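If you want the building blocks of each chain, they are given just below.
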Amino acid sequence: DTRYFLELNFGYNGSERFNRDHRFGFFPSIAGGYLVSNEAFFEPLKKVISQLKLKATYGLVGNDEIGNPNDRFFYLSEVNMNNSGRGYAFGDERGYSKSGVSISRYADPLITWEKSYKQNYGIELSLLKKVDIQADYFQEHRTNILQRRSYIPATMGLQATPQANVGEASGKGFEISLNYKQTVNKDLWATAMGNFTYATAKYLVYEEPAYEDTPWLRREGQKVGQAWGLVAERLFIDTYDVINSPLQEFGAYSAGDIKYKDINKDGIINSYDQVPIGFPTTPEIIYGFGASFGYKFLDFSFFFQGSGRSSFFISPSSITPFVNNQSLLQMIADSYWSEDNRNSYAFWPRLSDYTMDNNNQQSTHWMRDGSFLRLKTAELGYTFPKTWTDRIYLQNARIYLSGSNLFLLSSFKDWDVEMAGNGLGYPLQRVVNIGLNINF
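Nothing here was measured: the structure is a model prediction, and the numbers come from that model.

1. Some points on a nonpolar patch on the surface
Together, Phe293, Leu298, Phe300, Leu380, Ile399, Leu401, Val432, Ile434, Leu436, Ile438 and Phe440 line one region of the surface with nonpolar side chains, adding up to about 1100 Å² of accessible area. Secondary-structure elements contributing two or more residues to the nonpolar patch are strand 17 (298-308), strand 21 (396-409) and strand 22 (431-439). The biggest single contributor to the nonpolar patch is strand 22, with 4 residues. Among the structural elements, Ile399 can be located in strand 21. The exposure class assigned to Ile399 is partly exposed, which follows from its relative accessible area of 35%.

Structure representation (structure tokens):
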């Protein structure tokens with residue numbers, strides 16, 4: 001009676017990237033649905049709830065696109081028998097040399113498929129035959145993630161770091177979409193839609209050192225896409241400030257350069273002082289909404305697109321003025337540290353004609369909020385009356401004015417937020433069109 005649905009799938013897949021003993025994987029899935037609104041007891045509710053469907057899926061997916069795509073055969077070693085860089089010179093005047101042997105990958109027959117256990121629970125709902133709602137909750141557990149081994153003792157004498165299927169991660173989230181349509185009369189109609197997705201993931205097992213003294217460096221338990229960086233306190237005020245602050249091991253620095261926080265209080269600021277900062281670099285929230293309206297011969301439509309809970313980092317090396325004939329951005333000219341203006345919270349540290357490694361470290365100084373809301377598209381149209389088009393032997397004709405990327409709301413104002421860290425890249429274009437559609 002079209003009430004119960006069941007679907008079974010399986011794939012038995014093989015990949016040349018793995019050894020024959022671990023080359024094939026079996027990946028099944030099952031999906032089921034229950035159309036509640038087709039039950040007899042549901043009949044009295046159909047005037048309000050025209051359709052109600054419950055659904056669920058569970059399955060296993062395999063992925064062989066792991067590691068470097070240029071490593072076609074993971075399980076084989078890669079040996080260079082003629083590496084001059086590892087050769088040896090000998091003879092009375094060391095004038096005779098022979099090339100040596102180097103290894104960039106060791107054989108590992110155990111590397112195999114990355115596996116993902118996926119489940120999804122959803123509902124489909126129609127109200128008054130006008131509103132359609134779909135909502136889903138999903139979970140994913142990934143295993144066998146390929147990672148480089150983090151700690152290999154030098155006494156093993158290895159030239160290359162081995163890899164293994166040791167990582168695990170989990171993800172979850174929900175998404176909901178809504179569609180509305182209404183025809184008031186022959187002259188007036190409207191439609192609307194919206195969607196919202198939230199998804200987050202974290203590492204369950206991550207190949208890394210124990211970090212017993214610096215637990216903030218651990219990836220395990222942190223979100224996938226989480227960025228690590230230094231905590232920037234401010235800019236150094238003067239030479240006295242530099243002398244009386246912890247030593248920063250990122251090259252030369254002086255007054256006007258970025259001052260970082262000593263997280264582990266050892267008097268030295270280095271990679272051990274990096275902490276998780278900001279949201280993940282991949283947005284956790286994606287949403288959009290729009291509508292279309294029509295009255296007689298006029299029609300209008302628009303669509304907004306947005307994202308939330310993400311961070312990005314300005315790339316200082318991409319916008320450093322005076323280096324490699326780089327332009328001077330107005331934002332730097334308006335706010336930079338100088339002897340005459342010792343603003344310790346200026347956007348740009350002291351100016352120089354060379355790259356400052358100390359100031360180019362990933363830190364909170366360069367971190368920005370990646371959230372935005374954009375008017376992605378809008379269109380206004382007019383369809384000529386049939387009595388007009390018939391006179392000139394046309395089936396129909398419509399004139400329209402449309403545009404894309406017309407409006408943007410974001411806390412980041414220096415350039416288009418979707419360009420992320422590179423303000424001198426090619427910008428996202430605002431486009432406006434006027435056109436005429438004619439059918440003969």
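2. Some remarks on the sheet that holds strand 7 (residues 131-148)
With antiparallel pairing, the 12 strands of this open sheet are ordered in space as 1-2-3-6-7-8-9-16-17-20-21-22. Each end of this open sheet is capped by a strand with a single partner; those strands are strand 1 (4-14) and strand 22. Across the sheet, the mean angle separating the axes of adjacent strands is 10° when strand polarity is ignored. Relative to strand 2 (residues 24-35), strand 1 runs antiparallel, the two being bridged by 11 bridges.

3. Regarding the environment of Leu110
Counting through the fold element by element, Leu110 comes out in the loop between strand 5 (96-105) and strand 6 (114-127). Owing to a relative accessible area of 57%, Leu110 belongs among the exposed residues under this scheme. For the pair Leu110 and Asn165, spaced 55 residues apart in sequence, the C-alpha separation works out to 8.3 Å. Setting aside residues no more than four positions away along its own chain, Leu110 makes contact with His22 and Asn165.

4. Looking at the pairing of strand 2
In this sheet, strand 3 (residues 49-63) lies alongside strand 2 in antiparallel orientation, the contact comprising 7 bridges. Across the sheet, Leu35 pairs through a bridge with Lys53, a residue of strand 3.

5. Digging into the side chain of Ser126
Structurally, Ser126 can be placed in strand 6. Engagement of the side chain of Ser126 in a polar contact is seen with the side chain of Asp132, the distance being 2.8 Å. Sequence-distant contacts of Ser126, defined by excluding residues within four places in its chain, comprise Val48, Ile49, Ser50, Gln51, Val131 and Asp132.

6. Describing the packing of aromatic side chains
In total, this model carries 24 aromatic pairs according to the counting rule given. Centre to centre, the rings of Phe347 and Trp348 are 6.0 Å apart; their planes meet at 40°, and the pair counts as tilted. When the ring of Phe347 is compared with that of Trp366, the centres are 5.8 Å apart and the planes differ by 90°; the resulting orientation is edge-to-face. Note that Phe347 is positioned in the loop between helix 3 (330-334) and strand 19 (367-369) and Trp366 in the loop between helix 3 and strand 19, a separation of 19 residues in sequence. In terms of burial, Phe347 and Trp366 fall into one category: buried. The ring of Phe5 has Lys53 sitting right over it, with the charged end atom 4.6 Å from the ring centre. Cation over ring: Arg94 sits above Tyr88, and NZ or CZ is 5.4 Å from the ring centre.

Definitions and cut-offs
Residues numbered from 1 in each chain as written. Predicted model: local features only at pLDDT ≥ 70, side-chain atom pairs only at ≥ 80, totals over all residues. Heavy atoms only, no water. Patch = residues over 30% accessible without salt bridge, like charges linked within 9 Å, V, L, I, M, F, W, Y side chains within 5 Å. Areas by Shrake-Rupley, 256 points an atom, 1.4 Å probe, with all protein chains shown as cover. Salt bridge = Lys/Arg side-chain N within 4 Å of Asp/Glu carboxyl O. Helix = DSSP H or I, 4+ residues; strand = E, 2+ residues; numbered from the N terminus. Buried < 20%, exposed > 50% of the residue type's maximum accessible area, 1.4 Å probe, protein only. Pairing = 2+ DSSP bridges. Axes fitted to C-alpha atoms, helices over the stretch in contact; angles between N-to-C directions. Contact = heavy atoms within 4.5 Å. Polar contact = N/O pair within 3.5 Å; in protein donor to acceptor, adjacent residues only side chain to side chain. Phe/Tyr/Trp six-rings, centres within 6.5 Å; stacked < 30°, edge-to-face > 60°. Lys NZ or Arg CZ within 6 Å of the ring centre and 35° of its normal.

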